Amino acid sequence: MQRRNFLISASLAAALPRVSWASTPNQLIAQPVSAQILPVDSPPTPMLGFNGSTPGPVLRVRQEDFLDVRFRNQIDQGSAVHWHGLRSDNAMDGVPGLTQDVVEPGGEFTYRLRAPDAGTFWYHSHNRSWEQVAKGLYGPLIVEEETPPDVDHDFIVMIDDWRMTEAGTLADGFDNLHDQAHQGRLGNYARALIVPDTSVQQGDRLRLRLVNVATDRVFPVDLAGLEGKVVALDGMPLSEPQEIANLVLAPAQRADIIADVVSTDQVKFIFSTSEGPYILGELSVSGKNAVRQPSTIPTLPLNETAQPELDNAVSLTLNIEGGAMSRRMMSGSGIWAFNGQSGLTDTPFHRFERGQTARINLVNETRFPHGIHLHGHHFFEAKANGDLGAFRDTTLVNSGETRQVLCVFDNPGNWLLHCHMLGHQAAGMKTWVKVT
Ligand SMILES: [Cu+2]
């Protein structure tokens, strides 16, 4: 199978199977599933999922409510569930070896988390994640605003890629070292999984919750047939909505968009590749909304955040090292590293006193981009002029780039800090911080 070629051409996208998801059960059962990932004239694919489907069910809670989920592991590997972006209780963070024991096959674990922030989040396996997420162990987690914005439709759009064989099964080789030393496991087929399965009208106002659930692929995403703004990134509302143009989603990143349908036939989700546009998915447009009046795109109510103490911040540097074509690879001391260290050690990258502000320089000395994710907190991306930018949980640092982030470490516990290209994480690109 050629990795550089996608299996399916964009013109076949109309034959995509539809996705239907159950909503907010009180248990999540990880189990083998059969999923129609390829177009409907192809065979279904044996995968992993929750409660019989991949993606798993939509979990929806109101802001400040608790999410209670009994997780039952019915796959043949240990597993655990991480609630990506939720600034919640460390013991519920779902990281085997750091916050809990792995949930063995046949075992279970009860998660109870408060949802402090309204926004778009997701859940996924955090054990052998480069394999279990690639096989489909993930789903959407929506925390609703007390007063949601006035829209006609609220869509979840999960973007993924899969490496398929000619027979329609997932290719194996999840631990392939060549992949891990380069961009990770890139798929040869990509799609946007859209829920609910419904058409829209010209003039409708939509909320789109885009989530990149791919293990390793960065998706530049274009939208056609819509006019609107990006209103939130990684679940956190922007104080000022941004243009949709040049939207890029690294693995695990989210973008909430509020936009009005201007097309009369289709809204398209387009992955712009070097070989041209690749259609990830479509919403069909029929009819015209005669009721909705034009209005400006609203700003979502901001979530409560501690402001960083800029004058009193501890300065830290995280050098991102390794990968193919690096000195580290030649020396054979682990494929990827932060500050010379590959994989988790007994001592954290840093110990913070609760409430302390840190200014962290993420220095990417490698030939590859990395999406760096901090658990249990969001951080501000610093703009070039030093101003505080978006408040995110995952930041994309391109090759040769340095990104400064500012974080108030106000959530006690042991928190993972790692690359969300999961193949890179598998090969050592992870560390942790302690907040006491
Ligand atoms: Cu990486």
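Residues numbered from 1 in each chain as written. Predicted model: local features only at pLDDT ≥ 70, side-chain atom pairs only at ≥ 80, totals over all residues. Heavy atoms only, no water.

Attention now goes to the pattern of salt bridges. Under the counting rule described, the total for this entry stands at 21 salt bridges. One salt bridge in this structure joins Asp 154 and Arg 209, with 2.8 Å as the shortest N-O distance. Of the two residues, Asp 154 sits in strand β9 (residues 153-162) while Arg 209 sits in strand β12 (residues 205-212), which places them 55 residues apart along the sequence. On the accessibility criterion, Asp 154 (25% relative accessible area) is partly exposed. (Salt bridge = Lys/Arg side-chain N within 4 Å of Asp/Glu carboxyl O. Helix = DSSP H or I, 4+ residues; strand = E, 2+ residues; numbered from the N terminus. Buried < 20%, exposed > 50% of the residue type's maximum accessible area, 1.4 Å probe, protein only.)

What follows deals with the coordination of the copper ion. In the first shell of the copper ion, the protein supplies His 370 (ND1), Cys 419 (SG) and His 424 (ND1), at 2.0 to 2.1 Å from the metal. We note that the donor set of the copper ion lies within a single chain, spaced as H-x48-C-x4-H. Like His 424, Cys 419 is buried. (Donors = N, O, S within 2.8 Å, 3.2 Å for Na, K, Ca; no water.)

Take the layout of surface pockets next. Of the voids in this model, the largest pocket is the one considered here, and its volume is about 800 Å³. Lining the largest pocket are 33 residues, and of these Leu 233, Leu 238, Gln 242, Gly 389 and Ala 390 sit closest to its centre. Elements with a contribution of two residues or more to the lining of the largest pocket: β14 (226-233), β15 (236-242), β16 (247-249), β25 (379-382), β26 (388-392) and β27 (394-397). Per-element tally for the lining of the largest pocket: the top contributor is β15, with 6 residues. When its residues are assigned to classes, the lining of the largest pocket shows 16 nonpolar, 10 polar and 7 charged. (1 Å grid on protein atoms, 1.4 Å probe; cavity = no way out; pocket = protein on both sides within 12 Å on 5 of 7 lines; lining within 4 Å. Points joined across faces, edges and corners; volume = space filled by probe spheres on them. Nonpolar A, V, L, I, M, F, W, Y, C, P; charged D, E, K, R; others polar.)

Below, the discussion takes up the confidence of the model for the protein. Residue-level pLDDT values for the protein average 93, and 93% of them are 70 or greater. Low pLDDT, under 50, characterises residues 9-14; the predicted model gives this stretch 4 contacts beyond four residues in sequence or across chains. (pLDDT = per-residue confidence, 0-100. Contact = heavy atoms within 4.5 Å.)

With that settled, consider the nonpolar core. Among the nonpolar cores identified, the biggest contains 58 residues, and Ile 159, Trp 162, Leu 208, Leu 210, Ile 257, Phe 269 and Leu 280 are the most heavily contacted of them. Ignoring sequence-local partners within four residues, the contact set of Ile 257 consists of Leu 206, Arg 207, Leu 208, Leu 210, Leu 223, Lys 229, Val 230, Val 231, Ile 244 and Leu 247. By size, the runner-up hydrophobic cluster in this structure holds 32 residues, among which are Val 314, Trp 336, Val 397 and Val 405. (Core = buried A, V, L, I, M, F, W, Y, C linked by side-chain atoms within 4.5 Å.)

Let us now look at the sheet that holds strand β13 (residues 219-224). The strand order across the open sheet formed by 5 strands is β11-β19-β18-β13-β16, and the pairing between neighbours is mixed. Among the strands making up the open sheet, the edge pair consists of β11 (200-202) and β16. The average angle at which neighbouring strand axes cross in this sheet is 40°, direction not considered. Judged from the 8 bridges that link them, strand β18 (residues 266-273) and strand β19 (residues 276-288) form a sheet pairing that is antiparallel. Bridging from a neighbouring strand, Ile 270 pairs with Ile 279 of β19. (Pairing = 2+ DSSP bridges. Axes fitted to C-alpha atoms, helices over the stretch in contact; angles between N-to-C directions.)

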